[in-house]
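Per-entry structural report
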Amino acid sequence: MFSVSLSLLFCSFQIEPKDTADVDVRPYVHTVIEDFKKRKDVKESDVVSLLIREMEIKGKDVIEISVFPEDSLWRFLLSNADSLGSPAVSIEYEEIDGQLFYWDVEGNVLTQEVYDKLMEYDFIERRDVPDRRYLVGERGCFQDGKKTNQYFFLKGNHKRFKRRYEICFCPPKRMFRK
C-alpha cells in the first residue's frame, strides 16, 4: 500500500480514487485478459490477480486494471473460523485456457463454487488459528519491484485502452487524443 501511495505522489497530476461498486467491470476484465494472453508474463502462473481501481484523471473517469501473475508461494489463507458464507475470500473470477483470473469484489462471500475452484488450482490454504486476526501480515504484497501490465480505460469504453508495462503505479499522462 505504501509503494502505491509513494509512486502516485511522483505523478505529475492529481488522481482522485473512486469506488468501482457501480461499474460493471467484466467487459474491461475480458479485454484485459484477451490482451494479457498475448504477453510474455502469461506463462508465469496459472493464477492471475487483477487489481481494479476507478479514478479521475484530469476530469476524466478512468478504470485501471493491473495484472499480477502470482508466484507459487501465494495462497488465500483461511482460519478455523472461516467457512462458506464468510467474507474471507470475496472475489469473482474468470477461467480461460487453464488459467484463473480473479479480482476482489466488495460484499461477496466465500461460496462452494469459489472454494472448489481455488482448491482445484491449489490456491487456498487453511491455517490452524482461531480467527482472521492471527493471519494479519501473512498475505504479503505483490508490489515487489516487479514489472506489471497496467491497463487504463476511459470509463464507458472497454475496447479502447492504454497499456503500460512498468514497476510503478503511475497512469499515462494523456489518455486518448481526439
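Here we summarise the structure given alongside this text. Counting from 1, residues in each chain are numbered in the order their sequence is written. Predicted model: local features are reported for residues with pLDDT of at least 70 only, side-chain atom pairs are reported and counted for 80 or more only, and whole-chain, interface and lining totals are derived from all residues. To obtain the side-chain values, all non-hydrogen atoms of the structure were used and water was disregarded.

**What about helix H2 (residues 26–36)?**
Three- or four-residue spacings in an α-helix give side chains the same orientation, since the helix completes a turn every 3.6 residues. Filter applied, for reference: Note on classification: 1.4 Å probe, protein chains only; a residue is buried when its accessible area is under 20% of the maximum for its type, exposed when over 50%, partly exposed between these limits. Numbering of helices and strands runs from the N terminus, with a helix taken as a DSSP run of H or I at least four residues long and a strand as a DSSP run of E at least two residues long. When checking whether two residues touch, look at their non-hydrogen atoms; a contact exists if any pair is within 4.5 Å.
Along H2, the residues classified as buried are Tyr28, Val29, Thr31, Val32, Ile33, Asp35 and Phe36. Considering only its buried residues, H2 is in contact with strand E2 (47–57), strand E3 (60–69), strand E5 (91–96), strand E6 (99–104), strand E8 (148–154) and strand E9 (161–166).

**Digging into the side chain of Asp35**
To be explicit about the condition: Side-chain atoms alone can form a polar contact between residues adjacent in sequence; in general such a contact is a pair of N or O atoms within 3.5 Å, and within protein one must be able to donate a hydrogen while the other accepts it.
Checked against the element boundaries, Asp35 lands in helix H2. According to the relative accessible area criterion, Asp35 is buried, its value standing at 8%. Among the polar contacts listed, one links the side chain of Asp35 to the side chain of Tyr151, at a separation of 2.7 Å. Apart from the residues lying within four places of it in its own chain, the contact partners of Asp35 are Tyr151, Phe161 and Arg163.

**Remarks on the nonpolar core**
Generally speaking, nonpolar side chains in soluble globular proteins are found buried as a group. Let me state the cut-off plainly: Only buried residues count toward a nonpolar core. Its members are Ala, Val, Leu, Ile, Met, Phe, Trp, Tyr and Cys residues joined through side-chain atoms within 4.5 Å.
Of all hydrophobic cores here, the largest spans 19 residues; its most connected members are Val29, Leu50 and Ile65. Those elements giving two or more residues to this core turn out to be H2, E2, E3, E6 and E8. Here this core gets five residues from one element, more than from any other, and that element is H2.

**Focus: the side chain of Ser90**
Relative to the helices and strands, Ser90 resides in the loop between strand E4 (76–78) and E5. Of the polar contacts made by the side chain of Ser90, one reaches the backbone nitrogen of Asn108; its length is 3.1 Å. With residues up to four places along the chain from it excluded, the contact list for Ser90 reads Trp103, Asp104, Val105, Glu106, Gly107 and Asn108.

**Details of the packing of aromatic side chains**
The criterion, for reference: Stacked, edge-to-face and tilted labels apply to pairs of Phe, Tyr and Trp rings (six-membered ring for Trp) whose centres lie within 6.5 Å, assigned for plane angles under 30 degrees, over 60, and everything in between, in that order.
Scanning all chains against the criterion turns up seven aromatic pairs. Seen from their ring centres, Phe36 and Phe101 are 6.3 Å apart, and the 90° between their planes marks the pair as edge-to-face. Of this pair, Phe36 sits in helix H2 while Phe101 is found in strand E6, placing the two residues 65 residues apart along the sequence. Residue class for Phe36 comes out buried when judged on its relative accessible area of 0%.

**Side note on the pairing of E3**
Heads up, the condition is: In this description, strands pair whenever DSSP reports at least two bridges between them.
Burial of E3 is extensive: eight of the ten residues sit out of reach of the surface. Where E2 and E3 come together, ten bridges link them in antiparallel fashion. Across the sheet, the residue bridging to Ser49 is Phe68, located in E3. Hairpin geometry of E2 and E3 is characterised by an intervening segment of two residues between the two adjacent antiparallel strands and by a positive phi of about 50° at Lys58. One ladder, built from six bridges, connects E3 with E8; its direction is antiparallel.

**Quick notes on the environment of Val23**
Structurally, the position occupied by Val23 is in the loop between strand E1 (15–18) and H2. Residues Val23 and Lys155 lie 132 residues apart in sequence; the distance between their C-alpha atoms is 8.7 Å. Setting aside its immediate chain neighbours within four residues, Val23 contacts Tyr28, Glu54, Ile63 and Lys155.

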